[in-house]
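# Topology and contacts: notes
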Amino acid sequence: MNPADNRKFDALATFAVFGTIAFWTAGAIWIKYLTGFVDVWTQNWLRYVSACIFWLPLLFYDVRKGNLEPNIWRLALLPSLVNIIYQTLYIAIYYYLKPAFIMLLVQFSAIWIGGFSLVFFPQERALITSKRFWAGAILSIAGVVGVIVFKADFTATKTFTGILIALVSTVMWATYTISVKIAFKDVNSRRGFSVISIYTVCGLSVLAFIIGKPYECLEMTVWPWVCIVVSGILCIGISHVLYYFSIKRLGATIPAILLLATPCCALAMSYLFFKETLNIVQCLFGLILLVGCGLAVWAQGHLKKSNC
């Protein structure tokens, strides 16, 4: 029986989503902080190397014990290629914009993920009949749009460039999410990401040494290195495994809607570190976004009952 067909509320998968939210929120702060030390290509490479090394011992153990799923190296090729493109775009945004606003922009991926899911996964089409889901989705999207439109420097050149990069990255993130769900439907989440991380590191290494300035990292003090390693392990290595687990148990659409809560978390942290604020109108739309997220959580139970 598919876990998604269980009538009970999937507490473990929901916990995984909220763990992802926490790590990705912290990751946004770390990424922005590191923009002052290394270029986008080098930062991307170093953080992914940390995540890759973290899971490598367990992957070696699986190889020795013959635990790897058949064709896992082939299945990981497409998701890895998409991930390289997405990661490059996502990190680049932080060289133009501040964390909370970025976290708002990238939530547009929920629209793409929802559309892709309804096309590729019949079991998720029950959401079409869920009034709670559509109410949550509409409120969440309206909240995101409102916060963006009422940003004071919305039309500034640097801001506009960052927005364009962010919007393209939302399509790539949705593509990555769906490709992972299709390729790894019968693959252990941790092993799947371990293989993807190896491919991704290879691609990012080429970009870092051809386009970036990796020698800049040699000038960094201890603290930036700590930020790179810790953020790489928590915000890439562990968070991606949690996200893989959640989309396998809940489907791709619901976790994407729940992740709309990350901008509010990011705003609180970004205010402390970068003095980033939202105006009153943006705060009101942010509240609408949170209400939408709550309805999406409620819709999870409706989806499970509809599939049984």
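One structure accompanies this document, and this report is about it. Here the residue numbering is sequential within each chain, running from 1 through the sequence in written order. It should be noted that, the model being predicted, local features are given only for residues of pLDDT at least 70 and side-chain atom pairs only at 80 or more, the latter also being counted only at that level, while totals for whole chains, interfaces and linings use all residues. In computing side-chain values, all of the structure's heavy atoms are included and hydrogens and water are not.

Counting from the N terminus, the helices are the DSSP runs of H or I reaching at least four residues and the strands are the DSSP runs of E reaching at least two. Check the secondary structure of the protein and you find 13 helices and 0 strands. The globule rule used for comparison is 2.2 Å times the number of residues to the exponent 0.38, while the radius of gyration itself is calculated over C-alpha atoms. A compact globule built from 308 residues should have a C-alpha radius of gyration of about 19 Å, and the protein, at 19 Å, falls within 12% of that. The C-alpha extent of the protein, read off along each of the three principal axes, is 55 × 55 × 25 Å. Across the 308 residues in the protein, those meeting the buried criterion constitute 53%. Here, residues are in contact when the closest pair of their heavy atoms is within 4.5 Å. Excluding contacts between residues fewer than 6 apart, the proportion of contacts in the protein whose partners are at least 24 apart in sequence is 90%. A 1.4 Å probe and the Shrake-Rupley method give the accessible areas. Residues count as covered only by the protein chains that appear here. Surface exposure of the protein reaches about 13700 Å², of which carbon and sulfur atoms provide 73%. Two residue types count as positive, namely Lys and Arg, and two as negative, namely Asp and Glu; His and chain ends fall outside the count. To locate a charge, the coordinates of NZ of Lys, CZ of Arg, CG of Asp or CD of Glu are taken. Of the charged side chains in the protein, 23 are positive and 11 negative; the average position of the first set lies 8 Å away from that of the second. Exposed residues in this analysis have more than 50% of their type's maximum accessible area, buried residues have under 20%, and partly exposed residues fall in between, with area computed by a 1.4 Å probe over protein chains only.

Glancing now at a nonpolar patch on the surface. Together, I111, W112, I141, V145, V149, F150 and V281 make up an exposed nonpolar region whose accessible area comes to about 550 Å². Residue contributions to the nonpolar patch peak at 3 residues, all from helix α7 (residues 131–149). Locating V149 in the fold gives a position in helix α7. To count toward a patch, a residue needs a relative accessible area over 30% and no salt bridge; like charges are then connected within 9 Å, while nonpolar side chains (Val, Leu, Ile, Met, Phe, Trp, Tyr) are connected within 5 Å. In the sections that follow, a salt bridge refers to a side-chain nitrogen of Lys or Arg positioned within 4 Å of a carboxyl oxygen of Asp or Glu.

On to the pattern of salt bridges. Applying the stated criterion across every chain, the model contains 3 salt bridges. Between R191 and D62 there is a salt bridge, with its nearest N and O atoms 3.9 Å apart. Of the two residues, R191 is situated in helix α9 (residues 189–210) and D62 in helix α2 (residues 40–65); the sequence distance between them amounts to 129 residues. Just as R191 is buried, D62 falls in that class too. The salt bridge partner of E69 is R191, with a shortest N-O separation of 2.8 Å. One end of the pair, E69, is in the loop between α2 and α3 (72–75); the other, R191, is in helix α9, and 122 residues separate them in sequence. Judged by relative accessible area, which is 14%, R191 ranks as buried. In the salt-bridge network here, residues are joined through shared partners; they are D62, E69, R190 and R191.

Our focus in this paragraph is the environment of L295. Mapping L295 onto the fold places it in helix α13 (residues 280–307). Linking L295 and K65, residues 230 residues apart in sequence, is a C-alpha distance of 44 Å. With residues near it in sequence (within four places) discarded, L295 still touches R132, A135, G136 and L139.

Here we take up helix α4 (residues 77–93). Every α-helix carries 3.6 residues per turn, so stepping three or four residues along brings you back to the same face. Here, expected helix span is obtained from the residue count minus one, scaled by 1.5 Å. Relative to the 24 Å expected for 17 residues at 1.5 Å per residue, α4 spans 25 Å between its end C-alpha atoms, a close match to the ideal helical length. In terms of residue burial, α4 counts as a mostly covered element, since 12 of its 17 residues are buried. Within α4, burial applies to P79, S80, V82, N83, I84, Y86, Q87, T88, Y90, I91, A92 and I93.

Ring pairs are drawn from Phe, Tyr and Trp, using the six-membered ring of Trp, whenever the two centres fall within 6.5 Å, and their geometry is named by plane angle: stacked under 30 degrees, edge-to-face over 60, tilted for the rest. Here the structure, examined in full by the defined rule, presents 14 aromatic pairs. Pairing W45 with F209 gives two aromatic rings, centres 5.0 Å apart and planes at 70°, and the pair type is edge-to-face. Within this pair, whereas W45 is found in helix α2, its partner F209 is found in helix α9, the two being separated by 164 residues in sequence. Members of the aromatic cluster, connected to one another through ring pairs, are W24, Y86, Y90, Y94, W173, Y176 and Y243.

This part takes up the packing of helix α8 (residues 157–183) against helix α10 (residues 222–250). A fitted line through C-alpha atoms serves as each axis, taken over the contacting stretch for helices, and the angle formed by two N-to-C directions is quoted from 0 to 180°. At a minimum axis separation of 10 Å, α8 and α10 run at an interaxial angle of 65°. Judged by the angle between their axes, α8 and α10 are roughly perpendicular. In the crossing of α8 with α10, the sense of the turn from one axis to the other is right-handed. For the pair α8 and α10, contact is made by W173, Y176, T177, V180 and K181 and by H240, Y243, Y244, I247 and K248, respectively. Its residues assigned to classes, the contact of α8 with α10 shows 6 nonpolar, 2 polar and 2 charged. The cut-offs work like this: below 35 degrees is roughly parallel, past 145 is roughly antiparallel, 65 to 115 is roughly perpendicular, and the gaps in between are oblique. By convention, the crossing between two helices is left-handed when the near helix turns anticlockwise from the far helix through less than a right angle, and right-handed when the turn is clockwise. Nonpolar residues are Ala, Val, Leu, Ile, Met, Phe, Trp, Tyr, Cys and Pro. Charged residues are Asp, Glu, Lys and Arg, and all others, Gly as well, are polar.

We now examine the packing of helix α1 (residues 11–34) against α10. Where α1 meets α10, the closest approach of the two axes is 8 Å, and the angle between their N-to-C directions is 150°. Classified by the angle their axes make, α1 and α10 are roughly antiparallel. The interaxial crossing formed by α1 with α10 has left-handed handedness. Across the contact of α1 with α10, the residue classes break down as 22 nonpolar, 8 polar and 1 charged.

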